[in-house]
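# Observations on the model geometry
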Amino acid sequence: MIGKATILLVEDSSDDVRLMQRCFERARILNPLMVLRNGEECVRYLQGHGHFGDREEFPLPALVLLDLKMPNMDGYEVLSWIRSRPEFHKIRVVVLTAFGDMRSVSHAYQLGANSFMTKPMDFEKFIEISQTFGGLWLWLDEVENDPTPPVKKPELRPRPGKTQ
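Summarised in this report is the structure supplied together with it. This structure is a prediction, so every number in the text was calculated from the model and none was measured.

## Examining helix α4 (residues 102-110)
- Among all positions in α4, only Ser-104, Val-105 and Ala-108 are buried. One side of α4 holds all its buried residues, which, seen down the axis, span an arc of 100°. Opposite the buried face of α4, by more than 90 degrees, sit the exposed residues Met-102, Arg-103 and Gln-110.
- In the core, the buried residues of α4 are packed alongside α3 (75-83), β4 (92-97) and β5 (115-118).
- Downstream of α4 by one or two residues, Gly-112 has phi in the positive range, about 110°.

## Notes on the environment of Asp-16
- Mapping Asp-16 onto the fold places it in helix α1 (residues 14-26).
- Distance in space between the C-alpha atoms of Asp-16 and Asp-67 is 9.8 Å, their sequence separation being 51 residues.
- Once you skip the residues sitting within four places of it in the chain, Asp-16 turns out to touch Glu-11 and Lys-119.

## Some points on helix α2 (residues 39-47)
- Listed as buried for α2 are Gly-39, Glu-41, Cys-42, Val-43, Tyr-45 and Leu-46.
- In this structure, the buried residues of α2 make contact with β1 (7-10), β2 (33-36) and α3.
- One side-chain oxygen at the N-terminal end of α2 lies 3.1 Å from the backbone nitrogen of Glu-40; it belongs to Asn-38.
- Immediately downstream of α2, the backbone of Gly-48 shows phi near 75°, a positive value.

Cut-off values and rules
Residues numbered from 1 in each chain as written. Predicted model: local features only at pLDDT ≥ 70, side-chain atom pairs only at ≥ 80, totals over all residues. Heavy atoms only, no water. Buried < 20%, exposed > 50% of the residue type's maximum accessible area, 1.4 Å probe, protein only. Helix = DSSP H or I, 4+ residues; strand = E, 2+ residues; numbered from the N terminus. Arc of directions from axis to C-beta. Contact = heavy atoms within 4.5 Å. Polar contact = N/O pair within 3.5 Å; in protein donor to acceptor, adjacent residues only side chain to side chain.

Okay, structure coming up:
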């Protein structure tokens, strides 16, 4: 269900966290936003270690918003770790960075990022981007996790007496 899918924000900048929270509020994204301050905390969260062991309180996310530039375990290392674990293959990862150079973009995609976004400085633009998180990415999660069997497409057969 779209309203329940958790979004995990892994960001070490308090200013960027506050900006993201305000944008989600303004964009009316109702999904729970869990904030983690570094890569090590993200790994513990995803593994369910320590106080993150209660999956009712700390559910697996449908979407991870991952800052690349963090001390100790950076976003590249976290992304690589996530993609090396089959149990997390359905989690979408959108890499966030203040640096929009193509080398960072290319490296993030090589490691398995689903998308890449440069953090904009314009508040209104950031709200538009936030609406994309709540719309497209979580809608895709709903579609992939829908237990309803897919509709079988009818086979196209030539009508009798017609030649092709």
